[in-house]
Amino acid sequence: MLPHHQKSLGRDWTTPWENLQRCCWNRHISSCMRWPGHYSRAPYPYFSSRHFSLNWRPPCLFESGTQFQYWNWRPDNLSQTSLIHLSSYIMNSEGDEPSSKRRKHQGTIKRHWEYLCNHNKEKTKILGDKNIDSKCEDSENKFDFSVMSYNILSQNLLEDNSHLYRHCRRPVLHWSFRFPNILKEIKHFDADVLCLQEVQEDHYGTEIRPSLESLGYHCEYKIRTGRKPDGCAICFKHSKFSLLSVNPVEFYRPDVPLLDRDNVGLVLLLQPKIASGASPAICIANTHLLYNPRRGDIKLTQLAMLLAEISSVAHQKDGSFCPIVMCGDFNSVPGSPLYSFIKEGKLNYEGLAIGKVSGQEQSSRGQRILSIPIWPPNLGISQNCVYEVQQVPKVEKTDSDLTQTQLDKTEVLETAEKLSSNLQHHFSLSSVYSHYFPDTGIPEVTTCHSRSAITVDYIFYSAEKEDVAEQPGAEVALVGGLKLLGRLSLLTEQDLWTVNGLPNENNSSDHLPLLAKFRLEL
């Protein structure tokens, strides 16, 4: 990206801005972005936060009113407290950008906590720092808990897709090397709830579950259907929660031709353990949706099935829903129709190509338009993503009309809904992460291998949304539901390639763990 004589000393570039600007603008913009799986749509040179200090601001590069485009998405979840992080790894000046062919085996990237309490100016702290802002501490009538979502990379899938890990040294890909690293991460983060994806069944039974139980976790597991050897797990600390119900969701349906894939979900209802008395339950959901970028119809249907189960589990007697945390690998990028549906609670899919649903597909293949409705009526799920109760009318022997009592006992389905291209759900869901660094517009990534580095993993949580400023993207979750106290910062693609991508010697999955701390008002 930069000439060889321009060197990095610590966290600041020593070259003047004028030279840096001339270097980039005299070349085609894409020449500044030679990274494996780079974001070709980003309308700016691909700088890392590592190259500049926190207080540095480019005077000409980002004009006021500039709209960053990342898969046609808007910065709709940027809070005033989001900070760009600093990596502890300094890129060498030898050669151009690090690539998968230039292996780097030394150096680690430290991730930092970003605290969002009361939306004051947050302090960036290295993970493990116990000197937590007093505003984030537990207090009376409040229940704080942390949630991790982590795709730990099934060994079976790793070996079946070895072409994705050509950049890795072979020893770091062995399960005997990877599992101790993964367990070390889990112990270090010490989350109260773990939502794990790609958990291989034999490893779960012999190593993962026993190890987590020794750390004080209770584990629930749902293996994928068919002959798939992995699944999803939700583990929670005995000291923080009691288990109220376990609700597995199988997305494969033999009577629905559309649903011929073996993905699954898992929904738990947990009761917080508090000394002061009763508290609302918390619904925790975990899933791993279909990968295939060209089958958005299947992904949307799988998501609707998960939302229907969450609606059933989280529904309370007064008609409201208990707080919800929905984690997983959704195999969809920020701003895609599927992502927007989760965030906004509605989607008009009329005329939408199935290859565009997840935002991953950029080729001309798979452009069949979604049918209306997407899934058949016999699935038993409405366009509002809730379970339908089939109408079973009871008829008097002498009259074809239903009595009023019988009408009261029968749920009548509106046929107009089945012909609508509008999907809806009842939840107010926010994303823990903003998906890009606000100072630069560089995308955050949650997964990185030889072919791509993108965001597909999320932690969504239920919260009523309150606009605290007039500009777009100032939406903050403050009222009702759960309050987001803090999150573990994510990284850029460039950050990850300085340590040879994922997996590497210190990070043993091709995904990064996501971690958030929440507060439940009692």
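Read on for a plain summary of the structure. Everything quoted here is computed from the prediction, not taken from an experiment. (Residues numbered from 1 in each chain as written. Predicted model: local features only at pLDDT ≥ 70, side-chain atom pairs only at ≥ 80, totals over all residues. Heavy atoms only, no water.)

## Topic: the pairing of strand β18 (residues 457-462)
The buried fraction of β18 is high, at six of six residues. Here β18 shows two buried faces, one formed by D457, I459 and Y461 and the other by Y458, F460 and S462. The pairing of strand β15 (residues 429-431) with β18 spans three bridges and is classified as antiparallel. Residue pairing across strands places S430 opposite Y461, the latter belonging to β18. (Buried < 20%, exposed > 50% of the residue type's maximum accessible area, 1.4 Å probe, protein only. Helix = DSSP H or I, 4+ residues; strand = E, 2+ residues; numbered from the N terminus. Pairing = 2+ DSSP bridges.)

## Examining the sheet that holds strand β9 (residues 241-250)
In spatial order, the strands read β9-β10-β11-β12-β18-β15; together these six strands make up an open sheet with mixed pairing. Across the chains shown, the open sheet's two edge strands, defined by having one partner strand only, are β9 and β15. In this sheet, adjacent strand axes meet at a mean angle of 20 degrees when their direction is disregarded. Of the strand pairs in this sheet, strand β11 (residues 282-288) and strand β12 (residues 324-329) are connected by six bridges, and their pairing is parallel. Bridge pairing in β12 links T287 to G328. Packing against the sheet, helix α6 (residues 337-344) makes contact with β12, β15 and β18, and its axis sits at approximately 125 degrees to β15. (Axes fitted to C-alpha atoms, helices over the stretch in contact; angles between N-to-C directions. Contact = heavy atoms within 4.5 Å.)

## Considering the nonpolar core
The biggest cluster of nonpolar side chains holds 63 residues, and the ones touching the most others in it are F145, V193, L194, L212, V325 and F518. Setting aside residues up to four positions removed in sequence, F518 forms contacts with F143, D144, F145, V147, V325, V432, I459, Y461, L482, K483, L484 and L485. If you look at the next biggest cluster of nonpolar residues, it comprises 47 residues, including F251, L259, V267 and L429. (Core = buried A, V, L, I, M, F, W, Y, C linked by side-chain atoms within 4.5 Å.)

## What to know about the packing of helix α3 (residues 175-189) against helix α4 (residues 201-214)
The contact between α3 and α4 brings their axes to 11 Å, and the two run at 25 degrees. By the angle class used here, α3 and α4 are roughly parallel. Crossing of α3 over α4 shows right-handed handedness. In contact with W175, F179, L183 and I186 of α3, α4 contributes H203, E207, I208, S211 and L212. (Parallel < 35°, antiparallel > 145°, perpendicular 65-115°, else oblique. Left-handed = near helix turned anticlockwise from the far one by under 90°.)

## So, the packing of aromatic side chains
Tallying each qualifying case throughout the model produces 14 aromatic pairs. Relative to Y115, the ring of W113 has its centre 6.1 Å away and its plane inclined at 10 degrees; by these criteria the two rings are stacked. In this structure Y115 comes out as buried when scored by relative accessible area, which is 8%. On the numbers, 5.5 Å between centres and 80 degrees between planes, the contact of F143 with F241 is edge-to-face. Of this pair, F143 sits in strand β5 (residues 142-151) while F241 sits in strand β9; the two residues are 98 residues apart in sequence, bridging distant segments of the chain. Residues F143 and F241 agree in their burial class; the two are buried. Of the aromatic side chains, those joined through ring pairs into one cluster are F143, F145, F241, Y461 and F518. Directly above the ring of F143 sits K240, whose terminal nitrogen or CZ lies 4.7 Å from the centroid. (Phe/Tyr/Trp six-rings, centres within 6.5 Å; stacked < 30°, edge-to-face > 60°. Lys NZ or Arg CZ within 6 Å of the ring centre and 35° of its normal.)

## Topic: the pattern of salt bridges
A full pass over the atoms with the stated rule returns 13 salt bridges. For D190, the salt bridge is made with K237, and the minimal N-O distance between the two is 2.5 Å. Pair noted here: D190 is in the loop between α3 and β6 (193-200) and K237 is in strand β8 (residues 230-237), with a separation of 47 residues, a long-range link. For D190, a relative accessible area of 43% corresponds to the partly exposed category. (Salt bridge = Lys/Arg side-chain N within 4 Å of Asp/Glu carboxyl O.)

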